[in-house]
Amino acid sequence: MNKSFLNLFLSALVMSSCSFSGGNGKGVSCIDKSDSITMILGSYCNSDAEGLKVYTFNQTDGGFSYKSGIRGISNPSFISDLMDGDILFSVEEDEGETASACAIKYDDVTKALSLLDAKPTQGGAPCNIAVSPLGNKVFTANYMGGNLSAFDIKDSGRLELDKVFQFEGNGPDKSRQEHPHIHSVNFTPDGTRLWANDLGSDKIRVIDLATFTYDETHDINLPSGSGPRHTCFHNNGRYAYVITELSGDVLVLKLKDDNSADLIQSVKADTLGAGGSADIHMSPDGKYLYASCRLKSDGIAVFSVDSVSGMLKKAGYCLTGKHPRNFAITPNGKYMLVACRDENAVEIYRRDADTGLLEDTGKRIEMSKPVCIRWVR
């Protein structure tokens, strides 16, 4: 082959794999199209606004592009994973009778969302929602109701209320723990139990999914006044990590064969005592753990994870915009996106896989009061 023709061919091949970045507007960047993933953002808003928005995000260069949005849902603050049939679920985080669980259809071709159904949760301010491991039920954590709602998923995503688990109890903080406040829904790695974090009574309420029953003797009791908010599990399934909102601690729990758990470590995420720690996630490689902190020096606490013991060691802290809530790490581990509610933006950070530390890219997805980021897989 002629050398000049070969060079021309290779140049054309490179250019065909490049596109303009959606992030910084500084020109052409090479993009592996297989690294373009879709995400759905949830927020606090009135029902006449686009409370849920769909974007594509590029894991190679941090570029993003708006695709669609949906109106008609009040305060769709938190979203479930996408289930079979391209259906996902959102809360309608109202405090009164309009508090609901919503079924939403996602079209992977057009990237459009459409509302299929909405049913009352029988508990105010549902702030978390998740689909059971078998894909047959949806659960909402009802913060103001102090309860957990379970819905059956019927044909075409229609919802039917099955059961409401009502809890009792309180904690020492008279202003924040006057009664149960269920804040999150998590399923144990083996898929046999549901853990519901109760900020109001310093417990993890445990539901047996096989018998669909609750027995208070199986509660996991946590330090008094800690206020458990969110949980994530180690990639090996042997450890759980709980971020406590009131005390600002990350609690490390070792899971036992009898489905109980032992507290083996407590480390500070919020070292200023702000009482506003929010979310917690582990990096895809299992080497680092991250926790968001609000109200003072808002940011992300970074911890290294011992691969054998599951124990944590403080690795650093990254300041973010105001009021970081939920955050998400890209599947390839290269970027972290942080929903900063009071900044009205989702902030994009580059993650160092070796140190775990974050670097602000300066890129922002502007959105009124963003709360949740969910990858569409």
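Undergrad: What's the story with empty space enclosed by the protein in this structure? I'm lost.
TA: In this approach a probe as big as a water molecule rolls over the atoms, and the regions it shows empty are the leftover space. The tally for this structure, following the rule as stated, stands at 2 cavities of 30 Å³ or more. What the largest cavity holds in volume is close to 100 Å³. Lining the largest cavity are 13 residues, with Phe78, Arg229, His230, Arg325 and Val371 sitting closest to its centre. For the lining of the largest cavity, the secondary-structure elements that each account for two or more residues are strand S18 (228-233), strand S22 (277-282) and strand S26 (324-329). Class assignment of the residues belonging to the lining of the largest cavity gives a composition of 5 nonpolar, 4 polar and 4 charged.

Undergrad: Looking at this model, I keep getting lost on the sheet that holds strand S3 (residues 36-43). Mind explaining?
TA: Strands in a sheet are paired, the pairing made by backbone hydrogen bonds, and the direction either parallel or antiparallel. Here we have 4 strands laid out as an open sheet, ordered S5-S4-S3-S30, and antiparallel in their pairing. Sheet topology places strand S5 (64-70) and strand S30 (370-376) at the edges, where each strand pairs with a single neighbour. Sheet twist, expressed as the mean angle between neighbouring strand axes with direction ignored, is 25°. By the bridge criterion, 6 bridges tie S3 to strand S4 (residues 52-58) in an arrangement that is antiparallel.

Undergrad: When you look at the pairing of strand S7 (residues 100-106) in this model, what are you seeing that I'm missing?
TA: Within S7, 6 of the 7 residues are buried, leaving the element largely enclosed by the surrounding structure. Bridge count between strand S6 (residues 87-92) and S7: 6 bridges; the pairing is antiparallel. Paired with Leu88 across the two strands is Ile104, which belongs to S7. Between S7 and the antiparallel strand that follows it, strand S8 (residues 113-120), lie 6 residues; Lys111 among them carries a positive phi value of about 65°.

Undergrad: Help me understand the sheet that holds strand S11 (residues 147-153), please; the structure alone is not making it clear to me.
TA: Across the sheet, which stays open at both edges, the 4 strands sit in the order S9-S10-S11-S12 with antiparallel pairing between neighbours. Where the open sheet ends on each side, the last strands, each with one partner, are strand S9 (126-131) and strand S12 (159-166). If you compare each strand with its neighbour and ignore which way they point, the axes differ by 20° on average. Note that S11 and S12 share 7 bridges and pair antiparallel. Bridged to Asn147 within S12 is Gln166.

Undergrad: Help me understand the side chain of Ser149, please; the structure alone is not making it clear to me.
TA: Its place among the elements puts Ser149 in strand S11. The buried category is assigned to Ser149, whose relative accessible area is 0%. In this structure the side chain of Ser149 is engaged in a polar contact, spanning 2.9 Å, whose partner is the side chain of Asn142. With sequence-adjacent residues up to four places away left out, Ser149 is seen in contact with Thr121, Val138, Phe139, Thr140, Asn142, Leu161, Lys163 and Val164.

The rules behind these values
- Residues numbered from 1 in each chain as written.
- Predicted model: local features only at pLDDT ≥ 70, side-chain atom pairs only at ≥ 80, totals over all residues.
- Heavy atoms only, no water.
- 1 Å grid on protein atoms, 1.4 Å probe; cavity = no way out; pocket = protein on both sides within 12 Å on 5 of 7 lines; lining within 4 Å.
- Points joined across faces, edges and corners; volume = space filled by probe spheres on them.
- Helix = DSSP H or I, 4+ residues; strand = E, 2+ residues; numbered from the N terminus.
- Nonpolar A, V, L, I, M, F, W, Y, C, P; charged D, E, K, R; others polar.
- Pairing = 2+ DSSP bridges.
- Axes fitted to C-alpha atoms, helices over the stretch in contact; angles between N-to-C directions.
- Buried < 20%, exposed > 50% of the residue type's maximum accessible area, 1.4 Å probe, protein only.
- Polar contact = N/O pair within 3.5 Å; in protein donor to acceptor, adjacent residues only side chain to side chain.
- Contact = heavy atoms within 4.5 Å.

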